[in-house]
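# Architecture and fold: a report
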Amino acid sequence: MFSSLKVRNYRLYFLGQVVSNTGTWMQRIAQDWLVLSLTGSATAVGITTALQFLPMLLFGLYGGVLVDRLPKRRTLLVTQSSMALTGIALAVLTLTGHVAVWHVYLAAFAVGLATVVDNPARQSFVSEMVNPDQLQNAVSLNSANFQSARLIGPAVAGLMITGVGTGWAFLANGLSFVAPIAGLLLMRTRELYDVQRAPRGKGQLREGLRYVAGRPELIWTIVLAGFVSTFGFNFPVYLSAFADDVFDAGAGSYSLFNTLMAVGSLAGALLAARRGTARMRVLVVGAVAFGVMEIVAAFVPSLWLFALLMAPIGMFGMTVNVTANSSIQMSTDPSMRGRVMALYMMVFMGGAPLGAPIAGWITDAYGVRAGLAVGGAITATAAVVIALVLARVGGLRLSVGWDQGRPRARFVPREEREEQLATAA
């Protein structure tokens, strides 16, 4: 489960990200709380979130082009340093009492701009630290790292905000980047795996898009991730409505739902690390199971049963995320990896903001149970359709039979199926 941590460079990277991710979650909570305190407006909080994700939607593909051209370790030193300075600047403004809401907007947009390059660089840099056999494990541990921070960061931020104020939470985030920067500086560059960088030239963005379009295993994996993100991951809409409108249980239940989902996501990431390989059937089965569990959760009558279902939903959702991420990385030429990962992250991260209004409309018009059920149904259906498309492209056919007295369904090569029919005849 933790085999890639034996690699010194990856171990330094992983430990740095543990600290930095925790700080990032602290800043997210403190940032939203500060905006709400300054304006009293939930719309202002939404604007802050939109400004942080807008650069990825607008410039994400261009960030991938830059990542393919530049040395990733040095690039990460620049992006991580810029995010550290942003956190420290916001801390100084808040602690001195000079902060205004436009400062927070500007800081959120600046972090978003840095993320345009930082995100694909971090994703693709993993393949330079570990060998291909360890890539799935390393990607999975990165996801487990992020989910651990998702559990710890908000709790620490809550304590700091109530105890000493939001400014200190921003300062803690800014200082947390010392850990990943130190890890990058301490790496043994001779132990990194050489990756050919793309030369400067015209049309590299179009080249990356053509590359993905010509690889069915890439384009359909990204399409599936887009469906899951757009229609299945609208939990801020669904969970708050279930806590407030369906179960009439308040903010405590909303927090419980999110915590149990984070626990399930962490378990899913660790299980993916243990598997060691990224297979398309795991991706498809995970997406189908994710959608089916959402449909089941939509109609359960009990608050506690609904809460318990959050753990497997989180686990299957993370299985889809990790498997898609690692399979794309392993199927992509190293010189194209930055552009492909940028496209994947743009689709995956941009799906939820696009799907949230749709989920909100269905919830307002037909109720939150219908909204969650429809999202799960679309996700499961998309997974089945994409599996059939990939099977057809790969020359496979569905074979249904019995194995040791149990029914078994699997995809087999068409030639193998024809041989089986000929033998039976």
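In short, a report on the structure. All values derive from a computational prediction rather than experimental measurement. (Residues numbered from 1 in each chain as written. Predicted model: local features only at pLDDT ≥ 70, side-chain atom pairs only at ≥ 80, totals over all residues. Heavy atoms only, no water.)

### A look at the overall build of the protein chain
Across its full length, the protein chain carries 16 helices and two strands. By residue count, 48% of the 425 residues in the protein chain fall in the buried class. A separation of at least 24 residues holds for 82% of the contacts in the protein chain among residues at least 6 apart in sequence. A total of about 19,400 Å² of accessible surface is found on the protein chain, and carbon and sulfur atoms cover 65% of it. (Helix = DSSP H or I, 4+ residues; strand = E, 2+ residues; numbered from the N terminus. Buried < 20%, exposed > 50% of the residue type's maximum accessible area, 1.4 Å probe, protein only. Contact = heavy atoms within 4.5 Å. Areas by Shrake-Rupley, 256 points an atom, 1.4 Å probe, with all protein chains shown as cover.)

### Quick word on the pattern of salt bridges
Summed over all chains, the structure comprises six salt bridges. Residues aspartate 118 and arginine 122 are paired through a salt bridge, measuring 2.6 Å at the closest nitrogen-oxygen approach. Highlighted residues: aspartate 118 and arginine 122, both in helix H4 (residues 101-129), separated by four residues, approximately one helical turn. (Salt bridge = Lys/Arg side-chain N within 4 Å of Asp/Glu carboxyl O.)

### With respect to the packing of aromatic side chains
If you walk through the whole model with that rule in mind, you get twelve aromatic pairs. Ring plane angle 70 degrees and centroid distance 5.0 Å describe the contact between phenylalanine 257 and phenylalanine 306, whose orientation is recorded as edge-to-face. A residue pair is termed long-range when its members are at least 10 positions apart, and phenylalanine 257 in helix H11 (residues 251-275) and phenylalanine 306 in helix H13 (residues 303-331) qualify at 49 residues. These aromatic residues form a ring-pair network of at least three members: Tyr10, Tyr13, Phe14 and Phe125. Seen from the ring of tryptophan 25, arginine 28 lies directly overhead, with NZ or CZ sitting 4.6 Å from the centre. (Phe/Tyr/Trp six-rings, centres within 6.5 Å; stacked < 30°, edge-to-face > 60°. Lys NZ or Arg CZ within 6 Å of the ring centre and 35° of its normal.)

### What to know about the packing of helix H1 (residues 8-39) against helix H6 (residues 166-176)
Packed helix pairs are specified by the crossing angle of their axes together with the interaxial distance, meaning the distance between the axes. H6 packs onto H1 with a crossing angle of 155 degrees between their chain directions and a minimal axis gap of 8 Å. On the basis of their axis angle, the class for H1 and H6 is roughly antiparallel. In this structure, H1 crosses over H6, and the sense of that crossing is left-handed. Counting all contacts with H1, which are made through Val19, Ser20, Gly23, Thr24, Met26, Gln27, Ala30, Gln31, Trp33 and Leu34, the residues of H6 involved are Thr166, Ala169, Phe170, Ala172, Asn173 and Ser176. For the contact of H1 with H6, a count of residues per class yields eight nonpolar, eight polar and no charged. (Axes fitted to C-alpha atoms, helices over the stretch in contact; angles between N-to-C directions. Parallel < 35°, antiparallel > 145°, perpendicular 65-115°, else oblique. Left-handed = near helix turned anticlockwise from the far one by under 90°. Nonpolar A, V, L, I, M, F, W, Y, C, P; charged D, E, K, R; others polar.)

### Here we look at the environment of leucine 184
The residue leucine 184 is located in helix H7 (residues 178-186) in this model. Leucine 184 sits in the buried class, given a relative accessible area of 4%. Residues leucine 184 and tyrosine 13, spaced 171 residues apart in sequence, show a C-alpha to C-alpha distance of 6.6 Å. Setting aside its immediate chain neighbours within four residues, leucine 184 contacts Arg73, Leu76, Leu77 and Phe125.

### Concerning a nonpolar patch on the surface
A surface patch of nonpolar side chains, amounting to about 530 Å² of accessible area, comprises Leu54, Leu57, Leu58, Phe59, Tyr62 and Leu113. If one sorts the elements of the nonpolar patch by residue count, helix H2 (residues 42-69) sits on top with five residues. Tracing the sequence through the fold places leucine 113 in helix H4. (Patch = residues over 30% accessible without salt bridge, like charges linked within 9 Å, V, L, I, M, F, W, Y side chains within 5 Å.)

### Let's talk about the environment of arginine 339
Relative to the assigned elements, arginine 339 resides in helix H14 (residues 337-366). Sequence-wise, arginine 339 and leucine 205 are 134 residues apart; in three dimensions their C-alpha atoms are separated by 7.5 Å. Within the structure, the side chain of arginine 339 is placed 3.4 Å from the side chain of glutamate 207, a separation counted as a polar contact. (Polar contact = N/O pair within 3.5 Å; in protein donor to acceptor, adjacent residues only side chain to side chain.)

### Let's talk about the packing of H1 against H4
Contact geometry of H1 with H4 gives a least axis separation of 12 Å together with a crossing angle of 160 degrees. As summarised for this structure, H1 and H4 are arranged roughly antiparallel, according to the angle between their axes. Along this stretch, H1 crosses H4, giving a crossing that reads as left-handed. Where H1 abuts H4, its residues Asn9, Tyr10, Tyr13, Gln17, Gln31, Leu34, Val35, Leu38 and Thr39 lie against Val101, Val104, Ala108, Arg122, Phe125, Val126 and Met129. Each residue belonging to the contact of H1 with H4 can be placed in one class, and the counts come to eleven nonpolar, four polar and one charged.

### Brief notes about the environment of phenylalanine 290
Note on placement: phenylalanine 290 falls in helix H12 (residues 280-299). C-alpha separation for the pair phenylalanine 290 and glycine 314, spaced 24 residues apart in sequence, amounts to 8.2 Å. Excluding residues that lie within four positions of it along the chain, phenylalanine 290 makes contacts with Val228, Gly232, Phe233, Phe235, Ile313, Phe316, Gly317 and Thr379.

### Observations regarding the nonpolar core
With 48 residues, the main nonpolar core has Phe257, Phe306, Met310, Ile313 and Tyr344 as its most contacted residues. Residue assignment for this core shows that the elements contributing at least two residues are helix H8 (204-213), helix H9 (216-232), helix H10 (235-246), H11, H12, H13, H14 and helix H15 (368-393). Residue contributions to this core peak at nine residues, all from H13. Excluding residues that lie within four positions of it along the chain, isoleucine 313 makes contacts with Phe235, Met261, Phe290, Met293, Glu294 and Ala297. Counting 31 residues, the second largest nonpolar core, distinct from the first, contains Ala121, Ala138, Phe177 and Ala272. (Core = buried A, V, L, I, M, F, W, Y, C linked by side-chain atoms within 4.5 Å.)

### Here we look at the side chain of serine 20
Within the fold, serine 20 resides in helix H1. Setting aside anything within four residues of it in sequence, one finds serine 20 in contact with Gln80, Asn173, Ser176, Phe177 and Pro180.

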